[in-house]
Structures are given as structure tokens and as C-alpha cells.
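Observations on chain architecture
Next come the chains, spelled out residue by residue.
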Amino acid sequence: MDDFELLRGFAADGSETAFAALVERHLGLVYSAAVRQVRDPHLAEEIAQAVFIILARKAHTLRPETILTGWLYRTTHFAAADALKIQRRRQHREQQAAEMETTAADNFAWEQIAPHLDEAMAKLGGPDRDAVLLRYFENKTFAEVGTALGTNEDAARKRITRAVEKLRNHFSKRGVTLTAAIFAGAVSANSIQAAPVALTKTVTAMAVAKGAAASGSTLTIIKGALKIMAWTKAKTAIIAGAVVLLAAGTTTMVANKTYVQWNSILKQELPDGSRLTINQISFGDTHKFVHGEKKNIWSWPEHDELIVEFKLASKDPENHALVKPAFYRQFRCVLRGEHGIEYVEEFIPNNFKKISDGYYGYVETSMFPRDSRWLWLRIEKREDGKRYDSWEKEAEFKIKNPATSQNLKWTASSTPVTNIVDGMNFVLDEITVGTVPNYTNDIWNHIVNVPTEIFDNGVLQTNWTATYTYVKDASGNWNSNLQSHRSLDPDYVWKLDMDFEPESNFPDGSLATMAFPKLSTTITTNVFDVPVTVAWDGYYLDVNIPTNRTDIALKFVSAMDEQGRKMNAGGSSWGRYNFREGHFMSWTGENSLTSIDVKPAKLTFAIVPNIHTTFYAQPRLITPQ
């Protein structure tokens, strides 16, 4: 039942059960706001009692469109304003209030915000205040806030962004300068604290009796709060009349869309005494990191990612292991949520680099627990002699998840499932995801198996394979190419856009062998009536075909040196319509390679058929026994 249904039930027949449900739902909000304003937990309990007694008395007068969260918060402000007179006469309790301050790992921002928060909130307009309360005090989604305010998700997001900016301006005038991200994160993480367990029953009993057994001091708070409420209501009516007169001459200004970061535990001391800090968090399809004159800005429309920027503080940062890591991948970052699998990511680029104002490293991922309220980032390390043993935790951070699960309504097919395209049968069997906490030869922790078979006229085509697979799960995670060592969320249905191609036994006329171009030249040839551009700079070989054909792809086959030896490319990259090969070495024996006097001579490539199909599947998670 929603708030108004419970309130209506209480107003109609005095249902104690209905009122107790309201108290349980909102007591934390009322009590926390009272504690912040009066800095006295005992007085805050009296204020909470007073607020709910007032609610019980006024239950029959509240309208259906009332946002009860906002009404209770506003009433708490009135009650606390009156109760402060009592608080000021109890100076000896100030030390107790100081001891009530939060003990979170990194509470500096909250310590700056808390003394002024409710004063700033009181200056917001009703809809703005309701929106902030629902979003950051009760951790509602933008969609839920929009529904409560009678609008949509986008409008709620814009309102909250503007309201946060107003609050930041209020704090900046008092010498407290905070980013929108830090402000929102601190409020979200600390604004609600648990009320004493016994207080719920006391408040309910007092309120249902409408204050008949309340103490003298509580009744005084109620009386003072009701006076303030009455005056505020009258003042609002006067101001509303003036606004109507001035409306024709007003101008509406809309703030630019601002991304709000939510942060919690942002600083950790490493075992060597250095400090690692989450400096910035970016989520979306556009990212911007600025340090002095250096700007790093990139965008991939409709491909959202989470990027976390870490800053390293050390006495000797230049020689720190994060800045100068071992030749093997010595560090990794493990992301987890409240439930589900853990995700492993590496630091990019090359762990940590020096920028103008410090040493920074990044974790970039499109796969993480999007359905989790909080995200934990655990930095792990292992030494060379322990490369095949357990990882050791160096630090662990906790941030508010900036993403929400998309929960796409996909339906998985029963496996094995067969798609028929161009007369060929493409079969997908059950997908399995195995978790491997200590992968023996790298940083990763999953084994993803996507079994497929391809038949042509009933004959199994062993030379065909799924060359490219863009995969997305129903929570919103994605990977531009399915990987066997990194998994999406197996709790959700996966959508696999798969491109199948032959790996050998290419069709007649599709294979081409040619001499390497002369140094620093580009040539164009035709294969299968497809123009192919080949460029050689003495180090890298770049080959491309036009990208307007959806039924073909380009594939590197082999390269030979002047002595007729097969060559190996140490540095390669490829896509459907291009490939780059470099760092050429020649095979001198079954297990021997050399780069001495290696001169590439011949290149072989193929224009191959490409067939696209899409599967929807539900993976099965395999966990170690």
C-alpha cells in the first residue's frame, strides 16, 4: 500500500496497523533530520514523536497529491526550529552531539555538509525539496521520483540537477565548496541513520493517541510547530498571489545537464603506506577528464561505460609498483555488487601515468553489477613467485552505483536453438559461465563457453566459426566482442549478434597472394571484384576493403619472408573490413622465432562470406565446488 492508502485507512477507522506502517517507513527520515538540526538524539526523539502526533491529528486533512516524505520533512523542520530553543538551554549536550557524528571511512564532505543541510533544504521550493528527498534521502530512482511528482523520469532528473545546484550555491556562500558529485554522494550515504529500535513503538502509540500521553516538552514542541506551520501556510498564500501578478514577466532558465557522481569510501591506504583515492567517476557514453591543460574527452554514442579515475599519493610515486608494474600483470581491480558474480578489470593505460597534477590510473568497463545499489572496487596484487596462488587485497573502495539496470524484456530460446540463414543452419547450444577465482595464467576470473555448430545441406562445416560476436545482457552490460575470460551477467538473458565466417578452405577465387608493397607505399588490387588497399610502412602492414558490403569480410591468412619461411605477427589488430599486422618474426624451427634480418616478402589474405544471425539465450552459471 502507498502512503496515502495507509493514511486514509488510519483517518477512516484509526487503524494502528496502518499508522505503524507509516511510522516504520518514514521514522528514519524524520529522526535523522531532527538529529542534524538539534544535534541531540534525545531531543530528536521528542521531535519525531511530535511530528507523527501532528500527522495523526492532521491525517484527515491531507490531500491525495501530498508527497508525505516532503510533508514530514517540512514538519520536522518546523518542530526542530521550535525545539532549538530548548536545545540552546542544554549546552552541556553539545559534546554528546559531536560524538554522534558519522564514523564513515571518509566523512570529511559530510562533516562540512551536515550542519547546514537542513537549512539549505528549507530554502528549496516544495517540488525541488520533495525531489531531492526522494532521490538522495530515500534512494528512489529517477523514474520513481518522476512518478511520485506526477511527471516523467527526464523531468525528474532535470529538477534534481537544478535543485542540487541550488544547494551547492547555498553551501558555497558559507565557504563550503563541493562538486555536485561529492555533495550528492555524501547526502545519499549519510542523510538517513537508524532510529532507536524502541522509538518506533513509542512514536506509534503516542501518535495514535494523538499526544494524549505526551510529555510537557513534547506538547510544547507540537504547539510551536503548529504555529509555524500555520504562519508558513498563510505566507505561502500571500507569495503565491504575488507570483501570479509577476508571472507574465518571468524568465525560466534551464541548467545544463549535469552528471552526478555518488561516492562513499573514496580513500584507502595501501600496505606500503601510500594512498589511493578515487578522484573521478564517469558513467555514460561521453567522458571528460581534465587535468590542467591536458583534456581527455571521448564518446561512443549508445555505448555507456563506467570509468573510475584513481589518484596515487606516494613519497616516491615514480617508482611505485602501480606506476612501474612488473612485466606480468601484477594488479587487477575486482568489481562486485550486493549479489551476483564478480567482474575483473585491468588498469588502463599501462596502470598509472603521470599527468600535470599527479599520477593517475583508470578502470574502464562496460560490464559490472548494474542492478546493485552499491559497487565495491577491490584492488588486488600478487607477486611473481605467487602468480599461481591467491590474490591479496591491497585496498577496497565503495561507491554508489551511477547506473541502473535496464531489465530489457528479452525471452531466451530453449537450447539447442537453430537459426536458418542463406540456407545454412546455425546452432547455439547451452552457454555456460564458470567462475575461476584464481586464474592460473592471467588476471581474469571467468570461463565462458558458447558452443555453436554450422551445417550446410546437413553437412557439419568444421571450418566455420563465430568470428565476431557483439553481446549484451538484459541489465545493459555489453561487450563489443564476446570473450572467453570475461563474462556479462549470467542472471540475465543475453543477446548475441554473431557473424560467422570460414577460417580455412576458402571459396574458390577468394584467396589472394601478393608481394609486399614497397616501403612507405600503398597499392590497390581486386579480389572477388572487391577493391583491396594494402599499405606497408616498414613496420606495420595495413589492409582494408570498403565497408558497404554486409555479406563479406577480410581475413589475414599468412605472410612469408624472402627465404620462404612462414612469419608470425607479434602485434596485430583486426576488424571485419581491415587488419593490421606488425612486429614480424620468422619461424626458424618448430618452436623457434627470430626477428634478425627478417624481410617480409609475400602476403596472403582472403575475401570470405559473412553471415549474421542473432540469438537470445539464458546462460548457466557454474561455481566451483
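The text that follows walks through the structure, step by step, so that each part is easy to find. Computed from a predicted structure; not experimentally measured. (Residues numbered from 1 in each chain as written. Predicted model: local features only at pLDDT ≥ 70, side-chain atom pairs only at ≥ 80, totals over all residues. Heavy atoms only, no water.)

A word on the packing of helix α8 (residues 142-149) against helix α9 (residues 153-172)
A packed helix pair is summarised by two numbers, namely the angle formed by the two axes and the spacing between the axes. Worth spelling out the cut-off: For helices, the fitted line uses only the C-alpha atoms of the stretch in contact; every axis is such a line through C-alpha atoms, and the angle between N-to-C directions lies from 0 to 180 degrees. Numbering of helices and strands runs from the N terminus, with a helix taken as a DSSP run of H or I at least four residues long and a strand as a DSSP run of E at least two residues long. Between 65 and 115 degrees an angle is taken as roughly perpendicular, under 35 as roughly parallel, over 145 as roughly antiparallel, and anywhere else as oblique. The contact criterion used throughout is that any non-hydrogen atoms of two residues lie within 4.5 Å. Only Asp, Glu, Lys and Arg are considered charged in this grouping, and only Ala, Val, Leu, Ile, Met, Phe, Trp, Tyr, Cys and Pro are considered nonpolar; every other residue, Gly among them, is considered polar.
Contact pair α8 / α9: the axes reach a minimum separation of 7 Å and the direction vectors enclose 95 degrees. In terms of axis orientation, α8 runs roughly perpendicular to α9. Listed contacts from α9 to Phe142, Ala143, Val145, Gly146 and Leu149 of α8 are Glu153, Ala156, Arg157, Arg159 and Ile160. Among the residues making up the contact of α8 with α9, the classes are represented as six nonpolar, one polar and three charged.

Details of the sheet that holds strand β26 (residues 552-561)
The condition that has to hold: Strands are treated as partners if at least two bridges between them are detected by DSSP.
Pairing is antiparallel across the open sheet formed by three strands, whose spatial order is β22-β30-β26. Looking at the sheet topology across the chains shown, the edges are occupied by β22 (511-515) and β26. Along the sheet, successive strands turn relative to each other by an average axial angle of 20 degrees, direction set aside. Inspection of the sheet shows β26 paired to strand β30 (residues 600-609) by nine bridges, in the antiparallel sense. Bridge pairing in β30 links phenylalanine 556 to phenylalanine 605.

Looking at the environment of arginine 373
Selection rule: When a residue's accessible area, from a 1.4 Å probe over protein chains only, is under 20% of the maximum for its type it is buried; when over 50% it is exposed; and in between it is partly exposed.
Summarising the element assignment, arginine 373 is placed in the loop between β10 (358-365) and β11 (374-381). Under the relative-accessibility criterion, arginine 373 is labelled partly exposed at 41%. Sequence separation between arginine 373 and lysine 400 is 27 residues, and the spatial gap between their C-alpha atoms is 6.4 Å. Apart from residues lying up to four places away in sequence, arginine 373 is in contact with Asn139, Ser188, Glu338, Lys400 and Asn401.

Section: the pattern of salt bridges
Note the following rule: When a carboxyl oxygen of Asp or Glu lies within 4 Å of a side-chain nitrogen of Lys or Arg, that pair is called a salt bridge.
Across all of its chains, the model carries 22 salt bridges by this definition. One salt bridge in this structure joins lysine 166 and aspartate 128, with 2.7 Å as the shortest N-O distance. With lysine 166 in helix α9 and aspartate 128 in helix α7 (residues 126-137), this residue pair connects regions lying 38 residues apart in the sequence. Close ionic contact of glutamate 342 with arginine 378 constitutes a salt bridge, the shortest N to O distance being 3.2 Å. You can see glutamate 342 sitting in the loop between β7 (331-336) and β8 (343-345) and its partner arginine 378 sitting in strand β11, a full 36 residues away along the chain. We classify arginine 378 as buried; its relative accessible area is 13%. One salt-bridge network, held together by shared partners, links Arg332, Arg336, Glu342, Arg378, Glu380 and Glu396.

Remarks on the side chain of arginine 576
Which entries qualify depends on this criterion: N or O atoms closer than or at 3.5 Å make up a polar contact, with two conditions inside protein: a donor-capable atom paired with an acceptor-capable one, and, for residues adjacent in sequence, both atoms drawn from side chains.
Along the polypeptide, arginine 576 turns up in the loop between β27 (567-575) and β28 (578-589). For arginine 576, the side chain forms a polar contact with the main-chain oxygen of isoleucine 552, separated by 3.3 Å. Excluding residues that lie within four positions of it along the chain, arginine 576 makes contacts with Tyr468, Asp499, Glu501, Arg549, Thr550, Asp551, Ile552, Ala553, Leu554 and Asn610.

Looking at the packing of aromatic side chains
To be explicit about the condition: Only centres within 6.5 Å qualify two rings of Phe, Tyr or Trp (six-membered ring in Trp) as a pair; their planes then separate them into stacked at under 30 degrees, edge-to-face at over 60, and tilted for everything else. Our definition puts a charge over a ring when NZ of Lys or CZ of Arg is within 6 Å of the ring centre and also within 35 degrees of the ring normal.
Scanning the model with the defined rule gives 18 aromatic pairs in all. Taken together, Phe310, Phe347, Phe352 and Phe397 form an aromatic cluster joined through their ring pairs. A cation sits over an aromatic face here: lysine 400 above tryptophan 374, 5.7 Å from the ring centre. One Lys or Arg, arginine 580, reaches over the ring of tyrosine 540 and ends 4.4 Å from the middle of that ring.

What about the nonpolar core?
The condition that has to hold: Take the buried Ala, Val, Leu, Ile, Met, Phe, Trp, Tyr and Cys residues and link them wherever side-chain atoms come within 4.5 Å; each set so joined is a nonpolar core.
Core analysis: the biggest nonpolar cluster contains 50 residues, and Leu276, Phe310, Leu377 and Leu496 have the highest contact counts within it. Discounting residues that sit within four places of it in the chain, leucine 496 has contacts with Ile431, Val450, Thr469, Tyr470, Val471, Leu482, Thr613, Thr614, Phe615 and Ala617. Counting residues in hydrophobic clusters, the runner-up holds 38 residues, among them Phe10, Phe19, Leu22 and Val35.

Don't take any of this as a statement about function, it's just geometry.
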